[in-house]
Amino acid sequence: MSPPEIAQGAEYSGYRLNGTTTGQSSLVQSPVLSMQQPALGSHHRSASSVLSTTPESAMSFRDNKTGFLGPTAYSAVYTENPGSLSILEPEEAEDVSNLPPISPEKIQMGADVLALLQDMPRYQRFVQRWFDSCDGIVVMQPVFRVWIDEMWREFGSLLSEGRPDQLYALSELIWRNTRRPMKTHGQMTAHEWAKAASGRGLRWEVVGILLSLIGLVAVNLSNWDTIFDDIREDIVDRATFAERMRKASDHCLCYCYEAETLNDLYICFMYEDLVLLECLKGDAHYSSWQRTGELCDAVVAMGLHQGNQTDADTPFFLAQLRKKIFISVYARDKVVASFLGRPPRLSYRYCKMDMPLDLNDEQLFETGAELEATLKTIDADGWNTCGNLNRNTWIRVWFLECQLREEILELALGPQQEDFELRSNGIRRAQGRLHASFPDFMKISPEEVLNVSEGTMGMEAHSGRREKSMRQLNALFIVCIHAGIMHTDFLLQRALVSRMKTDTKQLIPISRRLLKLILLAQAKRDFFRDFQGDLVYLLTTHGLPSAGVLAVELLKQEQTRQYAQDILPRSEIIQDISVFISALAAVGPGEGNYGICNQGRRALKRVLDMVLSPPAPIPAAQQQQQAGEGAKGFDEMSFFMPTGNDADFLQWLDTVEFDAVLNNGAMPTVGGADLV
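Residues numbered from 1 in each chain as written. Predicted model: local features only at pLDDT ≥ 70, side-chain atom pairs only at ≥ 80, totals over all residues. Heavy atoms only, no water.

**Comments concerning the overall build of the chain**
- Helix and strand counts for the chain stand at 26 helices and 4 strands.
- Roughly 28500 Å² of accessible area belongs to the chain as shown, and the carbon and sulfur atoms make up 52% of that amount. (Helix = DSSP H or I, 4+ residues; strand = E, 2+ residues; numbered from the N terminus. Areas by Shrake-Rupley, 256 points an atom, 1.4 Å probe, with all protein chains shown as cover.)

What follows is the structure, encoded as C-alpha cells:
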C-alpha cells in the first residue's frame, strides 16, 4: 500500500513553516511558489512513477560526498603529506541553499507519508510496548523519547489536523533538513544529538526509523494482541498495518537517497528498515539480500569498519553507537551469508573488530560523574561486572561467534583447500577457547532458562520494566545465541561431509540437539508472545536445516534397513519432526518466511509419509546386494545432498524423488537428473 493520498479536490498553496511557537507554527510564503506548480492530478501518481522523475541536476553535488578513503586511495599520498602537498584539501559541505531544488512532486509525496503521523498518539503505544521489553535495536531508547517529544511538541497540532497545505510545508522543511549535514563535536551529549534531528530539525531518517519500529512491533506481536483493537476498527489487520508502515518507511529511505544522505542516522535507519523488510518479505527474498549489501556498503563508506574512537569531533556515546552499528551489521552479514550460501560482504581481514562496551541504553545517555561511575563497573574486556543483561551484552557475544562463522564460511564456500582438515581442527580449538572465555551468564543452558518459572536474570538495572518482559527477552537471546553456536558446529560438520567425504555420524547428534532446542522454544510460544517474529526466525534459520538432515537420515535407514538406534532413535526422531511440521504449519501467509516454512513443511511431510508407509517387498537378489553394500550406502548417500547452503538443501529436499530411493535403492534425483 502506498502512503495515503490527499483527498480529491484538496488544494495546497505552498507554504513553509516559520516561528517557534509550541504545537502550532505560523505560515509564510514559500519559495516553492516561484516554481511552476504541477497539476493537481500529478499529486496522485504512484510512488514509483514520482520517484523516477529525477531533476536534471540531481547528481551535480554527489562528488562532494565521497565518504571514507583508505591508504591506497588516490588522495592517500596527499593526506599523508599535508605540509608538502595541500592540493587535495577536503571541500566544505555545500550550502543547502545552493543545492538543486526538490521537485513539488517529491515534496507532496513526503506530505503523504507525514499524513500517517496523524495517529502518532496511537503509535506511541507500539513504541512503548517495544521499550517495555528491550533496548533499541541500534538506536538508543532515550533517543526515541526525545524524537517523539520534540516532534509532537513542535508539530503536534499540525499533524493532528492533517491539513494538506501544512503537511506540504512540513515536508518541504524536512527535505531541507535532510539535505543538511549533521554536525557533531566531542562535547556533544546524546540528548543534544537526538534533539538536533527532531523538532525544527526533523529529518526523513527520524521519520523512517519511527515508522520502521512501529511496523516491527506489529510484526512481532500476536494477531489477537489488544494493541490492535483500534486498528481493527479501521478494518486493517496486523499484517496490512505492518506492511503499510514498511512501505512508508521505504519512501523515507528513498527520500534519504535522493538527498544523498550518508551519516550515522541514515545507517541506523537502513539497519532497522532491513530488519522489518526481512520480517515481512523473508530472509531469502532478493530485496533483503540487496538491502544487506547496501547496508554493508554504507558502513564501509562511513569508515565504521576502521574503528570508532572518541575524539574532538566524536563524543563518547556516538563512538559507542558506531561500534554497535558495525558489529550488528557484521554479524547480520554472516547470518545471511550462511542462510543463502553466499560469500559475506564484510571480512574481518579488512576491519578493526572493536566492540562497544557492555552498557545499556540509559547508561549510554549518561554524562559527567554519572557516566564515570558507570564506566568503573566495566572490566578490562568490556563486560559489565554487575550481572546486568542488555542488547549490547548479547550483540557482543554473537559478534565474537560470527568471527568463527566467517572462517567456516570460507571453508564451506571457498575453493578446495589442501589444509581443510587442519583448518577445521583449528576452528574447533578456537571455538573451545572462545566459549570458555564467555561470562558466566552464557554458561546457563537454554533449557535451564526456559524451564524456570521465576527468576531475575539480568533485571537488576531495569527495575522500571515488567519482570516477565525482561525474562522473555533474556530467554530469547539465550536461545538464539545457543542455537547460533550449535548451527556454527552444524555448518562446520556439513562442510566436512561435503569436502572431506566424511560420514554423517557426527552431524546427526548436532542436528538432534539443535532441533530439540528449537522445539523447546516453540513450546514456549505463549511465553514469547511479544517476539513471534523471532520464533519464525528460529524455525527457518536453525530448525529447517537440522530437521532436513534428520529426515534424510531416516530415509537412509529405510533404504538400508540398518537402524542405528543409539545415533538415530527412529521413534523419537519421527515424533520430533512431526511436532516441527506442526510448528511450520502455524506460520501464516502474513509472515515473511511463510513460503520457506510451507516448502519445508511439504518436504518433511513427504519424508514422514515415506518412512511410515508399509515398505514394498524387496526382491531376493536386491536383498543380497544390499546386505553386501548397505553400510557403504548408508554413509555415501549424504554425498548426493547439497551441503553448501540451507536454501539449496531445502530445495533438494522438496523435489527429491523419494520413491526411487525406497523402492529401487537408487540414489535420489532432482527433476529426473542425477545430482552427481
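Once you've had a look at it, read on.
**A word on the pattern of salt bridges**
- Evaluation of the coordinates by the stated rule reveals 29 salt bridges.
- Across the pair Asp 165 and Arg 163 runs a salt bridge whose closest N-O atoms are separated by 2.7 Å.
- A salt bridge links Arg 512 to Glu 572, with the nearest nitrogen and oxygen atoms 3.1 Å apart. Within this pair, whereas Arg 512 is found in helix α20 (residues 507-523), its partner Glu 572 is found in helix α22 (residues 570-585), the two being separated by 60 residues in sequence.
- Salt bridges sharing common partners tie together Glu 243, Arg 246, Asp 250, Asp 273 and Arg 291. (Salt bridge = Lys/Arg side-chain N within 4 Å of Asp/Glu carboxyl O.)

**Overview of helix α13 (residues 316-340)**
- With 25 residues, α13 extends 37 Å from end C-alpha to end C-alpha; this agrees with the ideal 36 Å at 1.5 Å per step.
- Positioned one or two residues after α13, Gly 341 has a phi angle of 70 degrees, which is positive. (Expected span 1.5 Å × (residues − 1).)

**Description of unusual backbone geometry**
- Of note, Glu 260 is a non-glycine position whose phi angle comes to about 55 degrees, a positive value.
- Tracing the chain through its elements places Glu 260 in the loop between α10 (238-258) and α11 (264-281).
- Of note in the backbone geometry, Lys 501 takes a positive phi value of approximately 60 degrees without being a glycine.
- Secondary-structure assignment places Lys 501 in the loop between α19 (467-499) and α20.

**Digging into the packing of helix α6 (residues 164-179) against helix α8 (residues 204-220)**
- Contact geometry for α6 and α8: axes closest at 8 Å, N-to-C directions at 110 degrees. With respect to each other, α6 and α8 are oriented roughly perpendicular. Counting all contacts with α6, which are made through Ser 171, Ile 174, Trp 175 and Thr 178, the residues of α8 involved are Trp 204, Glu 205 and Val 207.
- Here the contact of α6 with α8 is composed, by residue class, of 4 nonpolar, 2 polar and 1 charged. (Axes fitted to C-alpha atoms, helices over the stretch in contact; angles between N-to-C directions. Parallel < 35°, antiparallel > 145°, perpendicular 65-115°, else oblique. Contact = heavy atoms within 4.5 Å. Nonpolar A, V, L, I, M, F, W, Y, C, P; charged D, E, K, R; others polar.)

**Considerations on helix α17 (residues 420-437)**
- Counted at 1.5 Å a residue, the expected span for α17 with its 18 residues is 26 Å, and the 26 Å between its end C-alpha atoms agrees.
- By the burial criterion, the buried members of α17 are Phe 420, Arg 423, Ser 424, Ile 427, Ala 430, Gln 431 and Leu 434. Angular distribution of buried residues about the axis of α17 spans 120 degrees; they occupy a single face of the element. Exposed residues pointing more than 90 degrees away from the buried face of α17 are listed as Leu 422, Arg 433 and Ala 436. (Buried < 20%, exposed > 50% of the residue type's maximum accessible area, 1.4 Å probe, protein only. Arc of directions from axis to C-beta.)

**Brief notes about the packing of aromatic side chains**
- Scanning all chains against the criterion turns up 14 aromatic pairs.
- When the centroid spacing of 6.4 Å and the interplanar angle of 70 degrees are considered together, the rings of Phe 326 and Phe 399 count as edge-to-face. Linking Phe 326 in helix α13 with Phe 399 in helix α16 (residues 391-413), this pair joins segments that are 73 residues apart in sequence. A single burial state applies to Phe 326 and to Phe 399, both of which are buried.
- Site record: aromatic cluster; members linked through ring pairs are Tyr 123, Phe 126, Phe 228 and Phe 241.
- If you follow Arg 342 out to its NZ or CZ, it ends over the ring of Trp 289, 4.7 Å from the centre.
- Looking at Arg 396, its charged tip hangs above the ring of Trp 383, at a distance of 4.2 Å from the centre. (Phe/Tyr/Trp six-rings, centres within 6.5 Å; stacked < 30°, edge-to-face > 60°. Lys NZ or Arg CZ within 6 Å of the ring centre and 35° of its normal.)

**Description of the environment of Ser 424**
- Inspection of the secondary structure assignment puts Ser 424 in helix α17.
- A sequence separation of 68 residues divides Ser 424 from Leu 492, and the C-alpha atoms of the two residues are 7.4 Å apart.
- Setting aside residues no more than four positions away along its own chain, Ser 424 makes contact with Leu 411, Leu 492 and Leu 496.
- At 2.7 Å, the side chain of Ser 424 and the backbone oxygen of Glu 421 are in polar contact. (Polar contact = N/O pair within 3.5 Å; in protein donor to acceptor, adjacent residues only side chain to side chain.)

**Here we look at the nonpolar core**
- Within the largest apolar cluster, 165 residues are counted, with the highest numbers of intra-cluster contacts made by Phe 126, Trp 147, Trp 204, Val 207, Phe 241, Ile 577 and Phe 580.
- The next biggest cluster of nonpolar side chains, apart from the first, holds 12 residues, and it includes Leu 411, Ile 427, Leu 496 and Leu 507. (Core = buried A, V, L, I, M, F, W, Y, C linked by side-chain atoms within 4.5 Å.)

**As for the packing of α8 against α11**
- With their axes 9 Å apart at the nearest point, α8 and α11 run at an angle of 25 degrees to one another. Classed by the angle they form, the pair α8 and α11 counts as roughly parallel. For the pair α8 and α11, the crossing hand works out as left-handed. Between α8 and α11, the contacting residues are Trp 204, Glu 205, Val 206, Gly 208, Ile 209, Ser 212, Gly 215, Leu 216 and Val 219 on the first element and Leu 265, Tyr 266, Cys 268, Phe 269, Glu 272, Asp 273, Val 275, Leu 276, Cys 279 and Leu 280 on the second.
- Grouping the constituent residues of the contact of α8 with α11 by class yields 13 nonpolar, 3 polar and 3 charged. (Left-handed = near helix turned anticlockwise from the far one by under 90°.)

**Some thoughts on the side chain of Glu 406**
- Take Glu 406: it is sitting in helix α16.
- Comment: no salt bridge for buried Glu 406; closest opposite-charge side chain is Arg 349, at 4.2 Å.
- Setting aside residues up to four positions removed in sequence, Glu 406 forms contacts with Tyr 330, Lys 334, Leu 346, Ser 347, Tyr 348 and Arg 349. (Lys, Arg positive; Asp, Glu negative; His and termini not counted.)

**Describing the side chain of Arg 499**
- With respect to the secondary-structure elements, Arg 499 resides in helix α19.
- One buried charged residue, Arg 499, remains without a salt bridge, the closest side chain of opposite sign being Asp 419 at 9.3 Å.
- Reaching out from Arg 499, the side chain makes a polar contact with the backbone oxygen of Leu 411 at a distance of 3.4 Å.
- A distance of 2.5 Å separates the side chain of Arg 499 from the backbone oxygen of Gly 414, its partner in a polar contact.
- Beyond its immediate stretch of four places on either side in the chain, Arg 499 contacts Leu 411, Ala 412, Leu 413, Gly 414, Pro 415, Gln 416 and Phe 420.

**Points about the environment of Leu 340**
- Locating Leu 340 in the fold gives a position in helix α13.
- On a C-alpha basis, the gap between Leu 340 and Thr 541 in space is 10.0 Å, while along the polypeptide they are 201 residues apart.

**Concerning the environment of Phe 228**
- Note that Phe 228 resides in the loop between α8 and α9 (229-233).
- Take Phe 228: its relative accessible area is 1%, and that puts it in the buried class.
- Once the C-alpha coordinates of Phe 228 and Arg 238 are considered, the two residues, 10 residues apart in sequence, prove to be 7.0 Å apart.
- Excluding residues within four positions of it along the chain, Phe 228 makes contact with Phe 126, Ala 218, Leu 221, Ser 222, Asn 223 and Arg 238.

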